[in-house]
Amino acid sequence: MTLKTSLLSKRILMGTALSSSLLLIACQEHADLKTPLQASETNSLGSALVAKVDIVNPSSFKRPDEPIYLSYYDLGLSQTAALTVKTAQQVLPSQAVDIDSDGELDGVYFIVDLNDKPIEVTITQQSSPSITAQTKRVQADLAHKQGGQWQPHSRPPKHQVGTGKKEYVGGEFKNVDELTPPDYYTDHSNWIRYEGPGIESDKVGYRFYLDWRNGFDIFGKLTTQPVLHTVGLDGYSSYHDKQDWGMDILKVGKSLGAGGFGLMGSNDELEHVSDVSKRTARIIENGDLRARIHIEH
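The present account deals with the structure reproduced in this document. (Residues numbered from 1 in each chain as written. Predicted model: local features only at pLDDT ≥ 70, side-chain atom pairs only at ≥ 80, totals over all residues. Heavy atoms only, no water.)

1. Here we look at unusual backbone geometry
The criterion, for reference: Put simply, DSSP H or I for four residues or longer makes a helix, DSSP E for two residues or longer makes a strand, and each gets a number counted from the N terminus. Remark: exposure states derive from per-residue accessible area (1.4 Å probe, protein chains only) relative to the maximum for the residue type, with buried under 20%, exposed over 50%, and partly exposed in between.
For Tyr194, which is not glycine, the phi torsion reads 40° and is therefore positive. Take Tyr194: it is sitting in the loop between β15 (178-179) and β16 (198-200). Phi is positive for Asn214, close to 55°, though the residue is something other than glycine. For Asn214, the position within the fold is in the loop between β17 (204-208) and β18 (216-221). Looking at Asn214, the relative accessible area reads 0%, which means it is buried.

Structure (structure tokens):
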């Protein structure tokens with residue numbers, strides 16, 4: 001059983017099929033591609049015109065920071081390209097992305113403000129990737145402690161000596177791209193920062209319990225800046241109280257939280273997917289505009 005979670009600026013999408021369809025629908029609603037694609041026009045800076053796109057706001061209200069995805073195929077490109085996306089006034093935040101999760105970049109994702117007038121976006125291909133500063137709006141985060149040691153779990157009553165479960169003492173958190181907890185890892189083991197991988201946008205954060213609880217929790221944010229790498233450094237209690245960045249705002253309890261998955265038992269009660277041979281979390285993508293984690297049971 002696998003779970004793939006993608007976090008785009010201002011929205012969270014479960015599953016690669018869903019994220020692809022939503023993004024393509026957004027393009028179909030807003031974008032009207034103009035020819036020529038793959039035009040031979042090249043300027044003195046070594047950039048070739050790929051396409052001009054008219055984007056129209058279908059709503060009666062403004063839509064700031066609207067995410068748009070265009071595939072290389074739709075742009076007439078046969079391979080990964082270094083693209084710059086801009087309006088007449090500015091270069092837009094953009095990111096090359098792998099929408100279908102096949103390990104290959106297959107399109108460009110960018111952010112644009114939609115108002116009451118059509119916006120023309122120009123996409124050019126660079127001879128080398130352009131270096132432009134842009135704000136990091138999303139983050140995928142995964143860290144565990146290193147430099148300490150495991151010892152029998154002290155949390156009563158179910159984790160006490162004899163259960164085989166352990167907790168981690170000492171050490172410092174180090175970020176990793178992949179993590180499979182050992183069999184003796186459990187909740188409140190003080191080994192994984194905020195107990196699992198996290199993913200956040202500029203609006204909200206989520207964490208996934210990488211243990212038997214198998215649920216999603218929510219971090220309400222008071223800032224647009226990425227904060228997950230600063231959460232839980234002093235233990236598991238501080239983020240349940242209001243901090244400068246925000247706090248944990250959902251009491252998951254025995255539920256699956258905000259988007260976990262489980263099974264309905266024979267007694268019509270929800271059962272967590274808790275008895276598995278292993279759990280593995282991976283950070284698949286951690287760009288400025290799109291982040292993605294993969295969790296395998």
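Right, picking up where we left off after that structure.
2. Some thoughts on the side chain of Ser71
The line we're drawing: In protein, a polar contact requires one atom able to donate a hydrogen and another able to accept it; more generally it is a pair of N or O atoms within 3.5 Å, and residues adjacent in sequence count only if both atoms are side-chain atoms. The contact criterion used is simple: two residues touch if any of their non-hydrogen atoms lie within 4.5 Å.
Tracing the backbone through its elements, the reader meets Ser71 in strand β5 (residues 63-71). Of the residues examined, Ser71 reaches a relative accessible area of 12% and is grouped as buried. Polar contacts involving the side chain of Ser71 include one to the main-chain amide nitrogen of Asp74, which spans 2.9 Å. Excluding anything up to four places from it in sequence, Ser71 contacts Asp106 and Gly107.

3. Brief notes about the sheet that holds β18
Our working definition: When DSSP finds two or more bridges between a pair of strands, those strands are recorded as paired. Here an angle of 0 to 180 degrees is reported between the N-to-C directions of two axes, which are lines fitted to C-alpha atoms, with helices fitted over the stretch in contact.
Taken in spatial order, the five strands of this open sheet run β10-β16-β17-β18-β19, and their pairing is antiparallel. The open sheet has two edge strands, β10 (139-141) and β19 (246-248), and neither has a second partner. The average undirected angle you get between the axes of adjacent strands in this sheet is 15°. Sheet topology places β18 next to β19; three bridges connect them, and they run antiparallel. Counterpart to Phe219 in the pairing with β19 is Asp248.

4. Observations concerning the sheet that holds strand β7 (residues 94-97)
Taking strand neighbours across the sheet as the criterion, the three strands line up as β5-β8-β7 in an open arrangement whose pairing is antiparallel. Each edge of the open sheet is held by one strand with a lone partner, namely β5 and β7. Across the sheet, the axes of successive neighbouring strands diverge by a mean angle of 25°, strand direction being ignored. Summarising the sheet, β5 and strand β8 (residues 107-114) pair through seven bridges and their orientation is antiparallel. Bridge assignment links Ser71 to a residue of β8, and that residue is Gly107.

5. Quick look at the pattern of salt bridges
For clarity, the cut-off: By definition, a salt bridge exists where a carboxyl oxygen of Asp or Glu is found within 4 Å of a side-chain nitrogen of Lys or Arg.
Under the criterion given, the structure shown has 13 salt bridges. One salt bridge in this structure joins Arg282 and Glu178, with 3.3 Å as the shortest N-O distance. Here Arg282, found in strand β22 (residues 280-286), pairs with Glu178, found in strand β15; they are 104 residues apart in sequence, far enough to count as distant.

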